[in-house]
Amino acid sequence: MLALFPLKRAAIGGVCLSLFCLPALAGQGAVAAPDPYGARVAADVLKAGGNAVDAAVATAFALAVTYPEAGNIGGGGFMTIYQDGKPYFLDYRETAPQAASRDMYLDPDGKVSPQQSLVGARAAGVPGTVMGMWEAHKRFGKLKWSQLVEPAIRYAERGFTVADRQFQYRGEAVKLFEGKTNFAQYFGGMTAGRTFRQPELAATLRRIARRGADDFYQGKTARLLTAQMRRDHGLITADDLQAYRARWREPIRIDWRGNAIYTAPPPSSGGVALAQLLGIKENRAVDFSGVTLNSARYIHLLAEIEKRVFADRADYLGDPDFVAAPAAELTDPAYLKRRAAEINPTSISSTPGIRPGLENHQTTHFSIVDRWGNAVANTYTLNFDFGSGVVVKGAGFLLNDEMDDFSAKPGVANAFGVVGKDANAIAPGKRMLSSMTPTIVTRDGKVTLVIGTPGGSRIFTSLFQVLNNLYDFDMPLQLAVAAQRVHHQLLPKDTIFYDEYAPLSGPVADQLRAMGYALKDQGWRMGDIQAVQVDGDKAETASDPRGRGMGIVVGD
């Protein structure tokens, strides 16, 4: 059962955009976002009487300006919505261009060509973010579309203050993209502590504010995007843009300890994986009894569960419009019980023996709750920091490098070290498999938790650990989010990853190495959890200390 704790109030600080400076609402809404700009925009929308979807749309566009390493209009993602007591899921994931082909990233010897799926115009899938925001607003929005885009326009025109870590990411990206893209021309001038303006992006956002999704997919912005493709020998055409559609899908529901959890279905692997992680752990509850959080035994048990989940992910999951993704079979209680029986609680299971069980760096997330109890969990991405490094000239936005999320070659790992098989092979119009897991937890029909994170293949294992911290160890929300997290994904063999924020060290590390594990600092922080917890009409937020996010509670 969810443990509830005394709730803290967060005052709204910083700039209040004049468009939304209205009296506070009687109830409480809340937002947890990856930077203060996005959080303040969402809070102002909620204060103005907007609902959770309105706030999500405004936040998504604001982050496209102030969080360009991941916030975007040139990428795509997923949105889990709980509106008027009913769950919904919106898939606005990118798609492969029609000119894409299964072996497009292989050299003449059949080997994967390094970086072709990560850098440059050929790495980009057809963007879905603008269409996703448009469809969500069309179905559930209350405020005017143009109102919601206006804050982003202001940040693009007037500028925002560059954060220290944001500047560090920019420096690394400049080196990666040097001589290959036009990235430095647009973002080379970003300096920590100084104001950064994006006039071309402001003009693009003004067109989108006036014309909605039509501008991006059929109007001037579409023409600028396809012109960039021609200059850089990319694959996205006007026909690809006109054909793009966001898809409403049935969210995965996980019934767990009296809670109903709504989360991402395929083409995300996240919901299936989260259901498997929780279900297998429940079947091994005796092994976890009395085990200390993040002790060597606890981490070993997590690794044993996770390697089986990743084995299933590699073989079975892909775009459900192209492959029969067996989500129901993979989350069936009888199947999870059988998978749980394979776990060795005392030593490492042999990696070659971990097979699929059925018979034949940078993303960003925000969580929002409104005064009426509606909620949005939104995760969207360019994939790695600053995506492909290609900026659309004249439009000022970055394009994604999501094509790397396909399996360039069956059995060969992508940039996150994750392998895939034929189910996730490249095909025209296909959505690439994702790990994004925007999640909403309800109890008795009421929202109790909204949560998500970036992190590639680490996303669903991070959420799994935070849920364990909350529900098994009764930790307060902020401590549950800040606690040490680890990750194991079958391959590399017997390797447990950690981050420098909470490294694996001391006796626990020694015990894990003695069991045969290799411990590795993954070189980047493990996620950036943004969570809102609700108790009745009171809300509490938590933003991961690994990032630069902010939580704001709105109302009395």
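Residues numbered from 1 in each chain as written. Predicted model: local features only at pLDDT ≥ 70, side-chain atom pairs only at ≥ 80, totals over all residues. Heavy atoms only, no water.

The name that an unreviewed UniProt entry assigns to the chain is Glutathione hydrolase proenzyme, with the source organism given as Chromobacterium alticapitis. Listed in UniProt under the heading Sequence similarities (unreviewed entry), the comment for the chain reads: "Belongs to the gamma-glutamyltransferase family." Regarding the chain, the UniProt comment filed under Pathway (unreviewed entry) reads as follows: "Sulfur metabolism; glutathione metabolism." (UniProt positions renumbered as here; feature names shortened; annotations may be inferred.)

Chemist: I'm lost on the overall build of the chain in this one. Help?
Modeler: Within the chain one finds 18 helices and 17 strands. For 556 residues, the compact-globule estimate of 2.2 N^0.38 gives 24 Å, and the chain sits close to it at 22 Å. Taken along the three principal axes of its C-alpha coordinates, the chain extends 65 × 60 × 40 Å. Among the 556 residues that make up the chain, the fraction classed as buried is 65%. (Helix = DSSP H or I, 4+ residues; strand = E, 2+ residues; numbered from the N terminus. Rg over C-alpha atoms; globule rule 2.2 N^0.38 Å. Buried < 20%, exposed > 50% of the residue type's maximum accessible area, 1.4 Å probe, protein only.)

Chemist: I'm lost on the packing of aromatic side chains in this one. Help?
Modeler: For any pair of aromatic rings, the description consists of the separation of the ring centres together with the inter-plane angle of the planes. Throughout the structure, instances matching the rule amount to 23 aromatic pairs. Taking 5.0 Å as the distance between ring centres and 65° as the angle between the ring planes, the aromatic pair formed by Phe183 and Phe386 counts as edge-to-face. We note that Phe183, like Phe386, is buried. Their ring planes at 80° and their centres at 5.8 Å tell us that Phe288 and Tyr298 sit as a pair that is edge-to-face. Here Phe288 is found in helix α12 (residues 285–288), whereas its partner Tyr298 is found in helix α13 (residues 296–316), with 10 residues between them in sequence. Grouping residues by exposure puts Phe288 and Tyr298 together as buried. Feature note: the residues Tyr37, Tyr155, Phe160, Phe177, Phe183, Phe187, Phe196 and Phe386 constitute an aromatic cluster, connected by ring pairs. When the ring centre of Trp248 is taken as origin, the NZ or CZ atom of Arg139, which lies over that ring, is 4.6 Å away. Directly above the ring of Phe288 sits Lys281, whose terminal nitrogen or CZ lies 4.6 Å from the centroid. (Phe/Tyr/Trp six-rings, centres within 6.5 Å; stacked < 30°, edge-to-face > 60°. Lys NZ or Arg CZ within 6 Å of the ring centre and 35° of its normal.)

Chemist: Sorry if this is basic, but what is going on with unusual backbone geometry here?
Modeler: Generally, phi is negative for residues other than glycine and the peptide bonds are trans, each holding for most cases. Along the chain, Pro266 connects to Pro267 via a cis peptide bond; the corresponding omega equals 20°. With respect to the element layout, Pro267 can be found in the loop between β8 (259–263) and α11 (270–283). Cis geometry is adopted by the peptide bond preceding Pro492, which originates at Leu491 and carries an omega value of 0°. A positive phi angle, near 60°, is found at Phe386, a position not held by glycine. In this structure, Phe386 sits in the loop between β10 (375–383) and β11 (439–443).

Chemist: Explain the UniProt feature "active site" (unreviewed entry) in the chain to me, please; I cannot follow it from the model alone.
Modeler: In the numbering adopted here, UniProt assigns the feature "active site" (unreviewed entry) to Thr363. Summarising the element assignment, Thr363 is placed in strand β9 (residues 362–369). For Thr363, the contacting residues outside a window of four places in its chain are Ala70, Thr379, Tyr380, Thr381, Asn383, Met436, Pro454 and Gly455. Side chain to side chain, Thr363 and Thr381 meet in a polar contact 2.9 Å long. (Contact = heavy atoms within 4.5 Å. Polar contact = N/O pair within 3.5 Å; in protein donor to acceptor, adjacent residues only side chain to side chain.)

Chemist: When you look at the domain arrangement of the chain in this model, what are you seeing that I'm missing?
Modeler: It is common to give the size of an interface as the accessible area that goes away when the parts come together. Taken domain by domain, the chain comprises domain 1 (29–249 + 374–428) and domain 2 (252–357 + 438–554). Computed from C-alpha coordinates alone, the two centres of domain 1 and domain 2 are separated by 26 Å. Contacts between the two partners involve 43 residues from domain 1, matched on the other side by 54 residues from domain 2. Both sides of the domain 1 and domain 2 interface together cover about 3,500 Å² of buried area, and 63% of this is carbon and sulfur. Applying the counting criterion to the domain 1 and domain 2 interface returns three salt bridges. Our enumeration of links across domain 1 and domain 2 arrives at 11 residue pairs in polar contact (both at pLDDT 80 or more). Going through the elements one at a time, β1 (29–33), α1 (36–47), β2 (76–83), β3 (86–92), α5 (164–177), β6 (247–249) and β10 are the ones with two or more residues in the side of domain 1 that touches domain 2. Of the residues forming the side of domain 1 that touches domain 2, the biggest block, six residues, is contributed by α1. Along the lines of polarity and charge, the residues of the side of domain 1 that touches domain 2 split into 25 nonpolar, nine polar and nine charged. (Domains from an automatic or database assignment. Buried area = accessible area lost by both parts, 1.4 Å probe. Salt bridge = Lys/Arg side-chain N within 4 Å of Asp/Glu carboxyl O. Nonpolar A, V, L, I, M, F, W, Y, C, P; charged D, E, K, R; others polar.)

Chemist: Sorry if this is basic, but what is going on with the pattern of salt bridges here?
Modeler: Two side chains of opposite charge can pair, provided their charged atoms sit close to one another. Tallying each qualifying case throughout the model produces 30 salt bridges. Put simply, Arg253 and Asp255 hold a salt bridge, and the shortest N to O gap is 2.7 Å. Its salt-bridge partner being Arg257, residue Glu282 comes within 2.7 Å of it at the nearest N-O pair. Note that Glu282 is positioned in helix α11 and Arg257 in the loop between β7 (252–256) and β8, a separation of 25 residues in sequence. Residue Arg257 is classed as partly exposed on the basis of its relative accessible area, which comes to 28%. Salt bridges linked by common partners bring Glu304, Lys307, Arg308, Asp312, Arg339, Glu342, Lys493 and Asp494 together as one network.

Chemist: Even after reading the chapter, I still don't get helix α15 (residues 333–341), so can you show me in this structure?
Modeler: Structurally, the α-helix is built with 3.6 residues per turn, so residues lying three or four positions apart point the same way. When we look at burial in α15, the residues that qualify are Tyr335, Leu336, Arg339 and Ala340. Down the axis of α15, the smallest arc covering the buried residues is 135°, so these residues share one side. What points out from α15, more than 90 degrees from its buried face, is the exposed set Pro333, Ala334, Lys337 and Ala341. Against α11, α13 and α14 (327–330) lie the buried residues of α15. Two or three places before Ala334, at the start of α15, stands the capping residue Asp332, its side-chain oxygen 3.0 Å from that residue's backbone nitrogen. (Arc of directions from axis to C-beta.)

Chemist: Could you clarify how one ought to interpret α11 in this entry?
Modeler: With 14 residues, α11 should reach 20 Å at 1.5 Å per residue; the first-to-last C-alpha distance of 20 Å fits that figure. Restricting attention to buried positions, one finds in α11 the residues Gly270, Gly271, Val272, Ala273, Leu274, Ala275, Gln276, Leu277, Leu278, Gly279, Ile280 and Lys281. (Expected span 1.5 Å × (residues − 1).)

Chemist: Just to check I follow, could you spell out the sheet that holds β8 for this structure?
Modeler: The pairing of strands in a sheet happens through backbone hydrogen bonds and is either parallel or antiparallel. With antiparallel pairing, the six strands of this open sheet are ordered in space as β7-β8-β11-β12-β15-β16. Looking at which strands have only one partner, the edges of the open sheet turn out to be β7 and β16 (538–543). The average undirected angle you get between the axes of adjacent strands in this sheet is 20°. Across three bridges, β8 lies against β11 in antiparallel orientation. Across the sheet, Tyr262 pairs through a bridge with Ile440, a residue of β11. Its contacts with the sheet put helix α16 (residues 459–471) on β7, β8, β11, β12 (446–452) and β15 (530–535), and the angle it makes with β12 is roughly 135°. (Pairing = 2+ DSSP bridges. Axes fitted to C-alpha atoms, helices over the stretch in contact; angles between N-to-C directions.)

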